[in-house]
Amino acid sequence: MSNENKEWPLWEVFIRSKAGLDHKHAGSLHAADAQMAIENARDVYTRRMEGVSIWVVESKHIHASNPEEAAAFFDPAQDKIYRHPTFYNLPDELKHM
Amino acid sequence: MTQVSFEASFQKKIDEEIMIEPQDYMPDEYRKTLIRQISQHAHSEIVGMLPEANWITRAPSLRRKAVLLAKVQDEGGHGLYLYSAAETLGITRDQMLQQLHTGAAKYSSIFNYPTITWADMGAIGWLVDGAAIMNQVPLCRTSYGPYARAMVRVCKEESFHQRQGYEIMLTLAKGTPVQKQMAQDALNRWWAPALMMFGPLDAVSPNTAKSMEWRIKRFTNDELRQRFIDVTVEQIRILGLDLPDANIKWNEERGHYDSSELNWDEFWNVVKGNGPCNKERLATRVKAWEDGAWVREAASAYAEKRKTKKAA
């Protein structure tokens, strides 16, 4: 009835909702090739004009950071509050800065 | 970390309303519960296309036909969002379809009832999608990220489904006496099955306690069912139809409507596969899958051919 080996590959879908904005991850789907993935993505993820551009990439090509190491991995940014503008004490009369 | 500390930190995240994502640690039972729930949900969307597909070619006007087509297409889309969410938990699409086709996996019992008149399209949109929305809105905050995101998308699209159904009912209810009778008959037939969509009584629902603790569910079956009854009674009045249950009465003390006990023997009987349309629905799904085999093979062959051409 079904054949495990013949399952079409999985694709991740990224959609630009309007010109000027980033492509954003919308979800995933199965398709035989990239063109079919784009066409299916149009039908699955943009039935209500949610997009003006679609990217697809085969899921197996995505590399991700390891969630188990997330704490240590993102730790270096934690104690560097001087990277934010609000860290600096400047007089109130100073405008437009 | 030890197994115990993994589980403690998992529950701590849940309690702090931090979403669980695919690569995060999760207890096996949590994963299993989600796979079962999300795949059942996906199957319900896909099988749910069938009772309405029956009426696409018989819709009374081009407008109704276009709307019904769009609704059924949405349901196909919702099934796909949900299958994708389930796949992030480590089950394949083919495995899920196999479970559906062999009867190992369940789908919502409501779709095992027949759609015998056009008014059923109204009652389904209004009551069945209405009950689904009542269930799905809290699921937008469920603890598993991919499921929650899929539900946000589904809920956004679902509200037109309910409104178009109610509009059909309204048109019939304000129509000829025969049309009004059709609407009443559809309401009477779909009322109890719609209430059963919220699942068994809390007292006998084996999964509720754990699902609440894991914040997969936010409200119990009975809470959601009551909420649905309370809002729907008012909607029945606006239609000018009779209440489908003589025991519906406002209970001042509870601040809710009382209603008849549901026929749970019927519910379990349909769940077990003996509803009016179980066999037909499953056979239609299996046939669609088998008839589509050559399309899937052809698409794969074509993709392969183009790949080799490009490489050459």
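The structure this text deals with has already been given above.
Please read these numbers as outputs of a predicted model, since none were measured by experiment.

About the thresholds
- Residues numbered from 1 in each chain as written.
- Chains lettered and ligands numbered in written order.
- Predicted model: local features only at pLDDT ≥ 70, side-chain atom pairs only at ≥ 80, totals over all residues.
- Heavy atoms only, no water.
- Axes fitted to C-alpha atoms, helices over the stretch in contact; angles between N-to-C directions.
- Helix = DSSP H or I, 4+ residues; strand = E, 2+ residues; numbered from the N terminus.
- Parallel < 35°, antiparallel > 145°, perpendicular 65-115°, else oblique.
- Left-handed = near helix turned anticlockwise from the far one by under 90°.
- Contact = heavy atoms within 4.5 Å.
- Nonpolar A, V, L, I, M, F, W, Y, C, P; charged D, E, K, R; others polar.
- Pairing = 2+ DSSP bridges.
- Core = buried A, V, L, I, M, F, W, Y, C linked by side-chain atoms within 4.5 Å.
- Buried < 20%, exposed > 50% of the residue type's maximum accessible area, 1.4 Å probe, protein only.

(A) Quick look at the packing of helix H8 (residues 177-196) of chain B against helix H10 (residues 221-239) of chain B. All names here are of chain B. As a packed pair, H8 and H10 sit with axes 10 Å apart at the nearest point and diverge in direction by 160°. For the element pair H8 / H10, the angle class is roughly antiparallel. Remark: the crossing between H8 and H10 carries right-handed chirality. In contact with Leu187, Trp191, Ala194, Leu195 and Met196 of H8, H10 contributes Arg225, Phe228, Ile229, Thr232 and Ile236. Residues that form the contact of H8 with H10 fall into these classes: eight nonpolar, one polar and one charged.

(B) A look at the packing of helix H6 (residues 119-139) of chain B against H10(B). Residue and element names in this part refer to chain B. Where H6 meets H10, the closest approach of the two axes is 11 Å, and the angle between their N-to-C directions is 145°. Note that H6 runs across H10; the crossing there is right-handed. Here Trp126, Leu127, Gly130, Ala131, Met134, Asn135 and Pro138 of H6 lie close against H10, whose contacting residues are Leu224, Arg227, Phe228, Val231, Thr232, Gln235, Ile236 and Leu239. Looking at side-chain class alone, the contact of H6 with H10 contains 10 nonpolar, four polar and one charged residues.

(C) A look at the sheet that holds strand S1 (residues 10-16) of chain A. Residue and element names in this part refer to chain A. Ordered by their spatial adjacency, three strands build an open sheet running S2-S1-S3, and the pairing between neighbours is antiparallel. Edge positions in the sheet fall to strand S2 (23-30) and strand S3 (53-58), since each of these pairs with one other strand and no more. Each strand of the sheet is rotated relative to its neighbour by a mean of 25°, with strand direction disregarded. Bridge count for S1 against S3 is six bridges, and the pairing is antiparallel. Counted as the bridge partner of glutamate 12 is valine 57 from S3. Contacts between helix H1 (residues 34-45) and the sheet are confined to S1, S2 and S3, with S2 contributing the most and set at about 105° to the helix.

(D) Summary view of the nonpolar core. Among the nonpolar cores identified, the biggest contains 97 residues, and Leu29(A), Tyr30(B), Ile38(B), Tyr144(B) and Trp190(B) are the most heavily contacted of them. Among the elements that make up this core, the one with the highest residue count is H6(B) (11 residues). The contact partners of Leu29(A), leaving out residues within four places of it in the chain, are Pro9(A), Leu10(A), Trp11(A), Val13(A), Ala37(A), Asn40(A), Ala41(A), Val44(A), Tyr45(A) and Ser84(B).

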